[in-house]
Structure formats: structure tokens, C-alpha cells
Amino acid sequence: MNYILIDCIKVQNANAVAGLTWGFPAITHFLGFAHNLARKLSRTELQDISLTGCAVVCHDHKVHTYGAPYDTQFTQSRNPASLKKDVTKLVGEGKTPSVIEEGKMNMTLSLIIGCNGNLGNRNGRLLDWVKKQCMLQRLAGGTVLSI
């Protein structure tokens, strides 16, 4: 068993709400990220290599909140889920669009993903492919800024 370390991934505006808790994304976000990489890898010339499992190490995180330490609220914005013409109609009637509550955060983390198969002399090609794919995917609903 080999391991791939994707070190210091900077993510902006990731989901900070996981069910009844808040402050960090659910582990299923990271497992889904690794699973998506594994599915994409199976459709390349490196298909004899498989990715399994995922470990998460958080280096830094900042939840978008304001308020006193025990009276914290998420920073909210008006992001209407309706069509633009509906929003224009609401504003014309003197009403405002509803607030969609979203808990967001910025974070820096590392992922360790298990790797099965014979890498041979393809280490560099695999790592380049993984880095490129990581930059194209979203992680926990956020945008990957750098690795």
C-alpha cells in the first residue's frame, strides 16, 4: 500500500455546516472528493491504480462568523434561489429576496489517500494528474485555490 499526500490545500467558501453541528465540513465531503478522483482515475491510462480511503489533517480554518464568542452568527448574504425575473418582480413590489442561510469557511488542509497498484516509474505522472484534477474539483462545496 502506498499513500498520496495532497499537502496544504487552500479552500475558500467551503460548507461549515454538517447536520446538527457547525464549524467544519462533514467527513463525507472529503470521502466524496477522494471517491471522485478514484472514478476519474479508472478512466485514464493509469486505470490499474486504485485510490482507497482518505485521511484529513486540518492546518488552519476560519469560519465566516461575527459576534461575541458565545453569541456567534454566520455572515449571511442574499443569494436568491429564484430566477432573475422573479427577483426583479419582488424588488418592484417593494419586497426583498429571502436570505438563504449558508455556513461558509476558509481552510487549509492536507489529504492522505491510499493508493493500490504497481506504480513502477509512473509516480510523477500520477502525482501531476492528481494535482490537476484536485484543482478542477470542488472540495466540501468550496473552491480549491492552491495546493
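Placed above this text is the structure.
Residues numbered from 1 in each chain as written. Predicted model: local features only at pLDDT ≥ 70, side-chain atom pairs only at ≥ 80, totals over all residues. Heavy atoms only, no water.

Let us look at the packing of helix α1 (residues 27–41) against helix α3 (residues 123–136). In the contact formed by α1 and α3, the axes pass within 11 Å of each other and the chain directions differ by 125°. One element, α1, and the other, α3, form an angle in the oblique class. The hand of the α1/α3 crossing is right-handed. Contact residues: F33, L37, K40 and L41 in α1; L126, W129, V130, Q133 and C134 in α3. A class-by-class count of the residues in the contact of α1 with α3 yields seven nonpolar, one polar and one charged. (Axes fitted to C-alpha atoms, helices over the stretch in contact; angles between N-to-C directions. Helix = DSSP H or I, 4+ residues; strand = E, 2+ residues; numbered from the N terminus. Parallel < 35°, antiparallel > 145°, perpendicular 65-115°, else oblique. Left-handed = near helix turned anticlockwise from the far one by under 90°. Contact = heavy atoms within 4.5 Å. Nonpolar A, V, L, I, M, F, W, Y, C, P; charged D, E, K, R; others polar.)

Counted at 1.5 Å a residue, the expected span for α3 with its 14 residues is 20 Å, and the 20 Å between its end C-alpha atoms agrees. Taken residue by residue, α3 has L126, W129, V130, Q133 and C134 as its buried positions. With its buried residues spanning 130° around the axis, α3 presents them on a single face. Facing away from the buried side of α3 by more than 90 degrees, the exposed set consists of D128, K132 and L136. Taken together, the buried residues of α3 touch β1 (2–15), α1, β7 (104–116) and β9 (142–146). (Expected span 1.5 Å × (residues − 1). Buried < 20%, exposed > 50% of the residue type's maximum accessible area, 1.4 Å probe, protein only. Arc of directions from axis to C-beta.)

The next subject is a nonpolar patch on the surface. Taken together, the side chains of M1, Y3, L5, V57 and I112 define a hydrophobic patch exposed on the protein surface, amounting to about 520 Å² of accessible area. Here M1 is to be found in the segment before β1. Its relative accessible area of 60% is what places M1 among the exposed residues. (Patch = residues over 30% accessible without salt bridge, like charges linked within 9 Å, V, L, I, M, F, W, Y side chains within 5 Å. Areas by Shrake-Rupley, 256 points an atom, 1.4 Å probe, with all protein chains shown as cover. Salt bridge = Lys/Arg side-chain N within 4 Å of Asp/Glu carboxyl O.)

Once that is clear, we can look at the environment of N116. Within the secondary structure, N116 is located in strand β7. With a relative accessible area of 28%, N116 lands in the partly exposed category. Residues N116 and L51, spaced 65 residues apart in sequence, show a C-alpha to C-alpha distance of 6.4 Å. Ignoring sequence-local partners within four residues, the contact set of N116 consists of M1, D48, I49, S50 and T52.

Judged by pairing direction, the sheet is antiparallel, and its five strands sit side by side in the order β4-β7-β1-β9-β8 without closing on themselves. Every other strand in the sheet has two partners, leaving β4 (50–63) and β8 (138–139) as the edge strands with one partner each. With three bridges connecting them, β1 and β9 associate as antiparallel partners. Bridging from a neighbouring strand, V11 pairs with V144 of β9. Those strands touched by α1 are β1, β4, β7 and β8, and its axis lies near 140° from that of β4. Along the sheet face, α3 touches β1, β7, β8 and β9 and points at about 15° away from the line of β1. (Pairing = 2+ DSSP bridges.)

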